[in-house]
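Chain residues, written in single-letter form:
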Amino acid sequence: MRFVVTLFVSLCSALTAHAGQSAALERGTAIIDPLALRELDHGRLGLSGIFRPAGSSGAEITGSQLFALPAMAPVRRALDDEYDRYIARHTSSLPNESIGVGTAFDFQLFDRALLYSNDTRFVLAGIVNRMDRSYLSEANCGEIRLIYRLARMGAPEIGENAVSPRLPMTLNVVLKAKGDHEIDSNGAAITCAAIARRWLAAGDLAVTGTELAEKLVSKDGPLDLIKPENIDRIETNLQIAHAPKSAIRDFRTDYLMKVFDYNAKARMFEQAPLENQIDRERILAHEDLKRDFKTWLLDPTHFGELDRGTILIPDKFLATVAVAPTPVGFTSSDLQPAFGLVQGDGATADPVFKESDVVAALKKAADAGLTLQNIRSPAGFERRLNDVTCSGCHQTRGIGGFHFPGVDWMAAKPSNSTVVPASPHFFGDQVRRRDILTTLRDGTQPDFSRGFSSRPQSRGSTELAGTAYEDGWGALCYQQKPDAADNDISFRSWTCAEGLACQAVDKASRMGMCFVKGR
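Residues numbered from 1 in each chain as written. Predicted model: local features only at pLDDT ≥ 70, side-chain atom pairs only at ≥ 80, totals over all residues. Heavy atoms only, no water.

Q: Help me understand helix α13 (residues 378–387) in this model?
A: Regarding α13, the residues found buried are Gly 380, Phe 381, Arg 384, Leu 385, Asn 386 and Asp 387. Looking at the buried residues of α13, the elements they touch are α10 (287–298), α11 (300–308), α12 (355–367) and α14 (390–394). (Buried < 20%, exposed > 50% of the residue type's maximum accessible area, 1.4 Å probe, protein only. Helix = DSSP H or I, 4+ residues; strand = E, 2+ residues; numbered from the N terminus. Contact = heavy atoms within 4.5 Å.)

Structural data, given as structure tokens:
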């Protein structure tokens, strides 16, 4: 684990150095310009403009005011309950390690009072187009996400080395890209092609700051269609605790993730299952759930959807909370959400999926005429089972437990050339997302499939070649053996760019990172 932490720090340094290079990757698919976001936050896309009732004051909304809104009452209750459960689990499982707020404790809790304080608020830290998810709701053309970061208000800025006022929590407001019966300013019906066209055109704008913000929210701009009535849900991600390195443990941080669907009739957010967050403990504890989950997932149709990354697992198999510990390293462990479900080193005595089950499902899929892209072996199946979950994805090539910690425009000198606003997974996926936007704009059928979270799809593009996002220094890789037959078919393409070699971190799986070849 110590080696993994060292690698992680080195990789983050490399990504920071190349932040300017990666900035172009998100063109047309995300908005991360610091000064533009500051302008948008001070306008109608600030959280007060999204959450306050029409006609109320447009002033900034504090944490105290936000969680006092009737719509947010269930969110506060749920977060408080999860805090209490987290502390109880810790006390039961690690009785010799203290837990509480402050540096005197072994596990240092995030002070939940900061959530409900008059001295904090959520600031707009990024806007992300997720029309690549329109396969879930074609009528709404997928999603647009407004990502807010919790921050202290009035924090002093002292030169370039000022401590950021930001706190480790994000609030993701997920909106329908196209509302039900949406029309434009001319009264014409809005189409998915028209929305995609607006976003791609915005990616070609050669302006920044205030001028960019004005164009984005202007008539025919991509943000002109952002309206509170299109809110679908909110997603919270909070670093609930961290444990500094000590004599008995390596450094660890735990991230608490929750989802709340918006009930328009009741006008409030309600706790909901996390998409594809497999409830491992509950499934393993109930034979009927194990049987049903196995039967459902190994059906050729669902097996093919799992391979493509477009699966939507039924709610009865899912959890309403996820705790993602980081870093997890390269070796399978119970820190991973699917650990123990598949026969292998970490499997229970009676796992849900035996190796023979997966082999049989692969054959059945082939007999049904399915061409699988990712799951081509039992090891590929196990990895996919982990990375379709919320926590498994956030444990993979994240920045801590975040994929989008966001832009820090509150810094003394905000700049994306010195602060990376998103993870390697996020930037690596932009080529795929833009390809889908392009096909939507052109009226052709998109390919909604995605690769593993560890290695992005290139879609025929060379933009990622030689970078840490694909096969460059620090990229995740699979150590190949000379004989191709000895290499797992799911990972044979996980090679390194010329001049680099895959250094395995986990000898069993042969997974590692790309580094300069030894002389």
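Q: What is the right way to read the state of the cysteines from this model?
A: In a disulfide, the sulfur atoms of two cysteines are covalently bonded to one another. The final tally for this structure, using the stated rule, is three disulfides. Across the disulfide from Cys 477 sits Cys 502; the S-S distance is 2.1 Å. Residues Cys 477 and Cys 502 are joined through a disulfide that is right-handed, its torsion about the S-S bond being 90°. Here Cys 502 lies in strand β12 (residues 500–506) and Cys 477 lies in strand β11 (residues 476–478), a separation of 25 residues in the sequence. Owing to a relative accessible area of 16%, Cys 502 belongs among the buried residues under this scheme. (Disulfide = S-S within 2.5 Å.)

Q: Explain the nonpolar core to me, please; I cannot follow it from the model alone.
A: A general feature of soluble globular proteins is that nonpolar side chains tend to end up buried together. Counting residues in hydrophobic clusters, the biggest one holds 86 residues, and the most contacted among them are Phe 51, Leu 66, Ile 127 and Val 173. Among all residues touching Phe 51, those that are not within four sequence positions of it are Leu 66, Leu 69, Met 72, Val 173, Ile 231, Ile 234 and Phe 269. Judged by nonpolar contacts, the second largest core, of 27 residues, contains Trp 296, Leu 297, Phe 303 and Ile 313. (Core = buried A, V, L, I, M, F, W, Y, C linked by side-chain atoms within 4.5 Å.)

Q: Hey, could you run me through empty space enclosed by the protein in this one?
A: In this approach, a probe sized like a water molecule rolls over the atoms, and the result shows the empty space that is left. As enumerated under the stated definition, the model contains one cavity of 30 Å³ or more in all. When its volume is computed, the largest cavity comes out at roughly 30 Å³. Every residue lining the largest cavity is listed: Ile 144, Ala 177, Ile 195, Trp 199, Pro 222, Leu 225 and Ile 226. Each residue belonging to the lining of the largest cavity can be placed in one class, and the counts come to seven nonpolar, no polar and no charged. (1 Å grid on protein atoms, 1.4 Å probe; cavity = no way out; pocket = protein on both sides within 12 Å on 5 of 7 lines; lining within 4 Å. Points joined across faces, edges and corners; volume = space filled by probe spheres on them. Nonpolar A, V, L, I, M, F, W, Y, C, P; charged D, E, K, R; others polar.)

Q: What's the story with the pairing of strand β7 (residues 231–243) in this structure? I'm lost.
A: In summary, the side chains of a regular strand alternate between the two faces of the sheet. Among the 13 residues in β7, eleven count as buried, and that is most of the element. Sheet analysis places strand β3 (residues 107–109) next to β7, joined by two bridges and oriented antiparallel. Pairing of Leu 109 across the sheet is with Ala 241, part of β7. Sheet topology places strand β6 (residues 166–176) next to β7; seven bridges connect them, and they run antiparallel. The residue of β7 that forms the bridge with Leu 171 is Thr 236. By the bridge criterion, ten bridges tie β7 to strand β8 (residues 252–263) in an arrangement that is antiparallel. Note that in β8 the partner of Ala 243 across the bridge is Arg 252. (Pairing = 2+ DSSP bridges.)

Q: Got a minute to help me understand the pattern of salt bridges in this structure?
A: For side chains of opposite charge, pairing can occur when their charged atoms come near one another. For the structure shown, the criterion picks out 40 salt bridges. As a salt-bridge pair, Asp 442 and Arg 441 come within 2.9 Å of each other at their nearest N and O atoms. Looking at Asp 442, the relative accessible area reads 46%, which means it is partly exposed. The exposure class assigned to Arg 441 is partly exposed, which follows from its relative accessible area of 31%. Through salt bridges that share partners, Arg 133, Glu 143, Arg 145, Asp 232, Arg 233, Glu 235 and Glu 275 make up one connected network. (Salt bridge = Lys/Arg side-chain N within 4 Å of Asp/Glu carboxyl O.)

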